[in-house]
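Remarks on the overall topology
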Amino acid sequence: MEHEDKSESLQNLEKFHVSEEYGFVLPNPLTELPDYYAPWMDVAANLPHLIEGHQLRREVAKMPLLSTQYLRGHRQLRLARLALGFITMGYVWQGGSRQTVKILPRVLAVPYCTISELLDLPPILVYADCVLANWKKRDPCGPLNVENLDILFSFPGGDSNKGFFLVSLLVEAAAATGIKAIPMIINAILHHDRCSLETALQDVALSICKMREAFKLIHECVNPGAFFRSLRIYLSGWKDSFLMPEGLVYEGVWDSPKQFSGGSAAQSSTLQCFDVLLGIQHRAAQGFSAEYLGCMRDYMPAAHRAFIQTLASGPSLRQFVLATGDAGLHAAFNKCVLALVDLRSYHIQIATKYITIPAGRCRAEQQQLGGCVHEGTSVLSERGTGGTGFMRFLKAVRDTTRKAQLTEQ
Ligand SMILES: C[C@@H](C(=O)Nc1ccc(Cl)cc1)[C@H]1[C@@H]2C[C@H](n3cnc4cc(F)c(F)cc43)C[C@@H]21
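Next up on the list: the site of the ligand. Looking at the ligand, there are 20 residues lining it, with Ser-168, Met-211, Ser-268, Arg-344 and His-347 nearest. Between the ligand and Ser-168, the relevant distance is 3.0 Å, taken from a nitrogen atom to a side-chain nitrogen or oxygen of the residue. Contacts to the ligand include Leu-271, whose backbone N or O atom sits 3.4 Å from a nitrogen atom. Summarising the interface, the protein chains cover 98% of the accessible area of the ligand, which totals 620 Å² for the free molecule. At the level of secondary structure, the elements contributing two or more residues to the shell around the ligand comprise helix H7 (127–130), helix H8 (159–174), helix H10 (194–215), helix H13 (269–277) and helix H17 (327–368). Here the residues of the shell around the ligand are counted per class, giving 11 nonpolar, 7 polar and 2 charged.

Below is the structure:
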């Protein structure tokens, strides 16, 4: 029964802040806070202009220390965290990777850490901020597509910011029908209902194919150079970082500097939950990818982390399909695995175009210039949206996924 109770709890997606229509995406994020918070919202809304005009530091120095007590409800906390997260990344990386700051002023650090504590998220911009909560529809009754969407906050780098965050959002939204099928899958396993299980697995495979379709939009919406030179820097973290070996001092919060990882696709709950559903374990055999995926769960909203953990502790879909020996279920399961392999392979192609190739060009330019400026090296080794470490991670995850196909009986 205990087993049954745990997995049955997945029947109520609402409790895990998972939406039938939007999956892990925050439905209808707030776009405004009470006027009291105008000092945060005005700076966040003007970030590209303030950074390019070298005025951000001065603006932050003028900021009052605001209290978080007037923030009401989950959506106000998410919007406040989003605004403070953009300002924090802009403040740390405004001088590119050459002049990083080591101290985050208390007018930012104190409220940012208070809100992060309330949301059980680290005080650094994460995927759940800049993708899942950073969007609005132009026409509220219109469709969820690039033409009818806009982002709330941006870094310097123009439309490529918008493209990168909105394409990620559309990939996440395409996953919704697959995520919605998960409670049906668990239910079908518990009731040995092969027919419903096969139908639900077909929904998952179709959803993963739609994610790949949405991902293709990145080619027309994001410029590789703009992403590599600008946006990628602003999403960088301060953990195991060449440029900030100690991490960042959060003034007025902790006495010593703290390290946190930069934004990464591995922080996507969708990316992790399909692996868990299909029983794809990135065992320690793959080295850092297993440990890195595990760490990145701490960079997801608590309710989404709980969803993944509840799924992982429920009945094994893989074992059930194997035990039935049913050819139809076997085929439907493998279709899901292959769709995920295709999506992972596509992700590797995208990372090659947007990271590996621009990084190669950047190194070549630096060698021509003689000096080996640390522009790229700081983030190339990073596992976030950075370079070689990230590629090794993606390839390890893709290869493990490929091996997860059920072999012929
Ligand atoms: C556009 C890219 C990006 O890296 N976005 C990003 C990264 C960091 C930050 Cl901070 C913000 C946005 C990628 C999109 C598609 C997302 N995706 C979700 N589920 C996936 C399952 C898969 F198998 C898979 F291959 C990719 C999957 C991941 C991100």
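Back to the write-up after that little detour.
Relative to the helices and strands, Val-171 is located in helix H8. Val-171 gets classed as buried once you look at its relative accessible area, which sits at 11%. Apart from the residues lying within four places of it in its own chain, the contact partners of Val-171 are Met-211, Ala-214 and Phe-215.

The next thing to look at is the packing of aromatic side chains. In this structure the tally under the stated criterion is 19 aromatic pairs. Taken together, a centroid distance of 5.3 Å and an interplanar angle of 80° make the contact between Tyr-250 and Trp-254 edge-to-face. Residue classification places Trp-254 among the partly exposed positions, given a relative accessible area of 31%. Taking the centre distance of 6.0 Å and the plane angle of 25° together, the rings of Phe-390 and Phe-393 count as stacked. Of this pair, Phe-390 and Phe-393 both sit in helix H19 (residues 388–402), 3 residues apart, which is roughly one turn of that helix. The same class applies to Phe-390 as to Phe-393, namely buried. Through pairs of rings, three or more aromatic residues link up here, namely Phe-86, Phe-153, Phe-155, Phe-164, Phe-165, Phe-227, Tyr-234 and Tyr-354. The ring of Tyr-91 has Arg-57 lying over it, and the distance from NZ or CZ to the ring centre is 5.6 Å. Here Arg-232 stacks its cationic end above the ring of Phe-228, 3.7 Å away from the centre of that ring.

Mapped onto the elements of the fold, Ser-207 is located in helix H10. For Ser-207, a relative accessible area of 1% puts it in the buried group. At 3.4 Å, the side chain of Ser-207 and the backbone oxygen of Ala-175 are in polar contact.

Parameters at a glance
Throughout, a residue's number is its position along its own chain's written sequence, starting from 1. Reporting in this predicted model follows two pLDDT cut-offs: at least 70 for local features of residues, and 80 or more for side-chain atom pairs to be given and counted; totals over whole chains, interfaces and linings ignore these cut-offs and use all residues. Only hydrogens and water are removed before side-chain values are computed, so all heavy atoms of the structure are retained for them. For this purpose, a residue is taken to be near a molecule or strand whenever a single non-hydrogen atom of the residue falls within 4 Å of it. Here a polar contact means two N or O atoms within 3.5 Å. Within protein one must be a hydrogen donor candidate and the other an acceptor candidate, and residues neighboring in sequence count only if both atoms are side-chain atoms. Calculation of accessible area relied on Shrake-Rupley with a 1.4 Å probe; when residues are assessed, cover is drawn exclusively from the protein chains displayed. Working definition: helices are DSSP H or I runs of at least four residues, strands are E runs of at least two. Numbering for both runs from the N terminus. Amino acid classes used here: Ala, Val, Leu, Ile, Met, Phe, Trp, Tyr, Cys and Pro are nonpolar; Asp, Glu, Lys and Arg are charged; the rest, including Gly, are polar. With a 1.4 Å probe rolled over the protein chains alone, any residue whose accessible area is under 20% of its type maximum counts as buried; one over 50% counts as exposed, and the rest are partly exposed. Any two residues whose heavy atoms approach within 4.5 Å are treated as being in contact. Two aromatic rings, drawn from Phe, Tyr or Trp (for Trp, its six-membered ring), form a pair once their centres lie within 6.5 Å of each other, and the interplanar angle then sorts them: stacked below 30 degrees, edge-to-face above 60, tilted otherwise. Throughout this description, the term charge over a ring refers to an Arg CZ or Lys NZ atom that lies within 6 Å of the ring centre and within 35 degrees of the ring normal.

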